[in-house]
Amino acid sequence: MNKKLESIKEKALQEINSSKDENSLNENYRKNFKELSSVFSQMGDLSSEEKKAIGVKANEIKQLVTRAFEEKKETFVKEKKDNSSFFDITIPGKKTKIGHLHPITQAINEAENIFRGMGFSLVEGPELEDEWHNFDALNFPADHPAREMQDTFFVKSKNKKLLMRTHTSPVQIRYMKTHKPPYRIIVPGRVFRNEATDASHEVNFYQIEGLMIDKEISVANFKAVIEEFCRAFFGQDVKIRLRPSFFPFTEPSFEVDMSCSECKGKGCSLCSQTGWLEILGAGMVHPNVLENSGVDSKKWQGFAFGFGWDRWIMLKYKINDVRLFYNGDLRFLNQF
Ligand code: FA5
């Protein structure tokens, strides 16, 4: 029995100490402990003296094996800890993905910088507007088709007739009503129209409004400001021209064309072979609009303009569908 105990001890210690990992250590301990325990069940035929001596020895071996098991386990735990705290400073870092500004916002910032250089400041207004600011104050007649539900998103409300603004021009009114002239502002912002979408029409899109009012502001000042802006944005060789047009809130009104950014005025598919691209609506602010905003139209005069901002950026980057700006496709957005 003594010999058997000795051989169990040797084998247990040898197997425990040579275990390669925690799993094999557990298995070796379990197996040998079971063998050791089986000695106790074989002590039935021994005298009480022998039983006592063997029992003491078996218990000593049990303690010895258990200690060896715990010590070995401790080395594995320590090894694991050492490995996990190791930090290899030579491994290249993982680049954190950060977003960037939307191309429309980037271009608004660029426009703001250019206009600031000409003394304009940036003003914002609400997207949810009332009918008076969006239409009446801007001299739209009561029966103007833009006021129809088919063109404008009206919002249910108890008191005033509310709508999603169809252009940024109502901010002119809000600004003039609360500030004294002279004025030199630009108003970038989102506008909404109830229409079917296609490559050049969205239900929500951006405009940049401009307003300059002083004592002697003329169409010549307007032309100089817009030409300067177009050149700063597109390049020095850009030309612009004015064509007569109509808006209820400006008189006279004009559409502004810019020489085609693609063919430099020679004629191509982008400009329908005309050499010109339509870029904005503009005009001298109608006296009724000044009066509606509390500004004396006999003393003050000036111009306003409105860029369709999405189409302007489409020209710059040769984008063929306005809907790309809004569908959240990262393959498109990541190019900016
Ligand atoms: C206006 O909205 C006037 N408020 C502009 C203005 C301001 C004129 C100040 C005079 C003085 P218009 O409805 O033409 O004008 O729209 C301006 C521009 O918005 C258009 O030239 C076009 O580039 C753009 N636009 C119009 N509808 C859409 C649409 N559905 N999707 C994308 N762009 C559009």
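The written sequence of each chain sets the order in which its residues are numbered from 1. Note on the predicted model: pLDDT of at least 70 is required for a residue's local features to be given, and 80 or more for side-chain atom pairs to be given and counted; whole-chain, interface and lining totals, by contrast, use all residues. Remark: hydrogens and water are excluded; side-chain values derive from all non-hydrogen atoms of the structure.

Undergrad: Explain helix H6 (residues 170-178) residue by residue, including any values.
TA: Every buried residue of H6 is accounted for by Pro-170, Val-171, Gln-172, Ile-173, Tyr-175 and Met-176. Check the buried side of H6 and you find it contacts strand E2 (128-130), helix H5 (131-134), strand E5 (183-192), strand E6 (204-214), helix H8 (287-292) and strand E10 (301-308). The buried label applies to any residue whose accessible area, calculated with a 1.4 Å probe on protein chains only, is under 20% of its type's maximum; exposed applies above 50%, and partly exposed to all values in between. Counting from the N terminus, the helices are DSSP H or I runs at least four residues long and the strands are E runs at least two residues long. By definition in these notes, contact holds between two residues if any of their heavy atoms fall within 4.5 Å.

Undergrad: Mind laying out the domain arrangement of the protein, listing which residues take part and the relevant values?
TA: An automatic or database domain assignment provides the domain bounds reported here. The domain architecture assigned to the protein consists of domain 1 (2-84) and domain 2 (103-333). If you average the C-alpha positions of domain 1 and of domain 2, the two centres end up 88 Å apart.

Undergrad: If you had to explain the site of the ligand to someone new, which residues and values would you point to?
TA: Nearness is defined per residue: one heavy atom within 4 Å of the molecule or strand is enough. In the vicinity of the ligand, 20 residues are found, and the nearest of them are His-167, Ser-169, Arg-193, Glu-195 and Glu-202. One nitrogen or oxygen atom from the side chain of Ser-169 is found 2.9 Å from a nitrogen atom belonging to the ligand. Any N or O atom pair separated by 3.5 Å or less is treated as a polar contact, with the protein-specific requirement of one donor-capable and one acceptor-capable atom, and with residues adjacent in sequence counted only for side-chain atom pairs. A distance of 3.1 Å separates an oxygen atom of the ligand from a polar atom in the side chain of Gln-207. Per-element tally for the shell around the ligand: the top contributor is E10, with 4 residues.

Undergrad: Can you tell me about the packing of aromatic side chains, naming the residues and giving the values?
TA: Ring geometry is summarised as follows: Phe, Tyr and Trp rings, the Trp one being its six-membered ring, pair when their centres sit within 6.5 Å, and such pairs are stacked at plane angles under 30 degrees, edge-to-face over 60 and tilted between the two. Under the criterion given, the structure shown has 29 aromatic pairs. Among the aromatic residues, ring-to-ring pairing joins Phe-115, Phe-120, Phe-222, Phe-229, Phe-233, Phe-234, Phe-254, Phe-303, Phe-305, Phe-307, Trp-309 and Trp-312 into one connected group. Lysine NZ or arginine CZ positioned within 6 Å of the ring centre and within 35 degrees of the ring normal marks a charge as sitting over the ring. Its guanidinium or amino end placed over the ring of Phe-154, Lys-161 lies 5.2 Å from that ring's centre, counting from NZ or CZ. Over the aromatic face of Phe-233 sits the side chain of Lys-316, whose NZ or CZ is 4.3 Å from the ring centroid.

Undergrad: Account for the sheet that holds E2, with residues named and values stated.
TA: A pair of strands is labelled paired if DSSP reports no fewer than 2 bridges between them. On the basis of which strands lie adjacent, the open sheet formed by 3 strands has the order E2-E4-E3 and antiparallel pairing. The open sheet is flanked by E2 and strand E3 (154-155), the only strands paired with a single partner. Bridge count between E3 and strand E4 (residues 162-164): 2 bridges; the pairing is antiparallel. By the bridge assignment for E4, Phe-154 is matched with Leu-163.

Undergrad: I'd like a rundown of the nonpolar core, residues and numbers included.
TA: Grouped together as the largest cluster of nonpolar side chains are 46 residues, with contacts concentrated most on Phe-229, Phe-305, Phe-307, Trp-309 and Trp-312. In terms of residues, this core owes the most to one element, helix H7 (residues 219-234), which gives 7 residues. For Phe-307, the residues in contact, after removing those within four places along its chain, are Phe-115, Tyr-206, Gln-207, Ile-208, Ile-226, Phe-229, Ile-279, Leu-280 and Trp-312. Core analysis: the second largest hydrophobic core is formed by 22 residues, Val-123, Phe-135, Val-187 and Leu-290 among them. We define a nonpolar core as any set of buried Ala, Val, Leu, Ile, Met, Phe, Trp, Tyr and Cys residues linked to one another through side-chain atoms lying within 4.5 Å.

Undergrad: How would you sum up the state of the cysteines? Please name residues and give values.
TA: To count as a disulfide, a pair of cysteine sulfur atoms needs to be within 2.5 Å. Within the structure shown, the criterion is met by 0 disulfides. Looking at Cys-268, it has no disulfide partner, and the nearest cysteine sulfur is the one in Cys-260, 3.7 Å off. The exposure class assigned to Cys-268 is buried, which follows from its relative accessible area of 14%. Note on Cys-271: no disulfide assigned, nearest cysteine sulfur contributed by Cys-263 at a separation of 3.7 Å.

Undergrad: Mind laying out the pattern of salt bridges, listing which residues take part and the relevant values?
TA: Criterion for a salt bridge: a side-chain nitrogen of Lys or Arg within 4 Å of a carboxyl oxygen of Asp or Glu. This model, assessed by the stated rule, comprises 20 salt bridges. Measuring nitrogen to oxygen at the nearest pair gives 3.7 Å for the salt bridge that ties Glu-6 to Lys-9. Of this pair, Glu-6 and Lys-9 both sit in helix H1 (residues 2-17), separated by 3 residues, roughly a single helical turn. Look at Glu-6 and you get partly exposed, because its relative accessible area is 28%. Using a relative accessible area of 19% as the deciding quantity, one classes Lys-9 as buried. One continuous salt-bridge network, built from bridges that share partners, spans Lys-11, Glu-15, Lys-31 and Glu-35.

Undergrad: Go over the packing of helix H4 (residues 103-117) against helix H9 (residues 309-317), please, and point to the residues and values.
TA: Axis separation between H4 and H9 bottoms out at 10 Å; the angle between their running directions is 90 degrees. On the basis of the axis angle, H4 is roughly perpendicular to H9. When H4 is examined against H9, the residues Pro-103, Ile-104, Ala-107, Ile-108, Glu-110 and Ala-111 are found in contact with a partner set consisting of Trp-309, Asp-310, Ile-313 and Lys-316. Each residue is assigned to one class: nonpolar for Ala, Val, Leu, Ile, Met, Phe, Trp, Tyr, Cys and Pro, charged for Asp, Glu, Lys and Arg, and polar for all the others, Gly among them. Considering only residue class, the contact of H4 with H9 consists of 7 nonpolar, no polar and 3 charged. Axis definition: a line fitted to C-alpha atoms, limited for helices to the stretch in contact. Angles are taken between N-to-C directions and run from 0 to 180 degrees. Under this scheme an angle from 65 to 115 degrees is roughly perpendicular, one under 35 degrees roughly parallel, and one over 145 degrees roughly antiparallel; angles in between are oblique.

Undergrad: Tell me what's going on with the packing of H4 against H7, and back it up with residues and numbers.
TA: Interhelical geometry of H4 versus H7 gives an angle of 130 degrees and a closest axis separation of 10 Å. For the element pair H4 / H7, the angle class is oblique. Seen along the crossing, H4 lies across H7 with a hand that is right-handed. Listed contacts from H7 to Ala-107, Glu-110, Ala-111, Ile-114 and Phe-115 of H4 are Val-225, Phe-229, Ala-232 and Phe-233. Rotating anticlockwise by less than a right angle from the far helix to the near helix defines a left-handed crossing, while the corresponding clockwise rotation defines a right-handed one.

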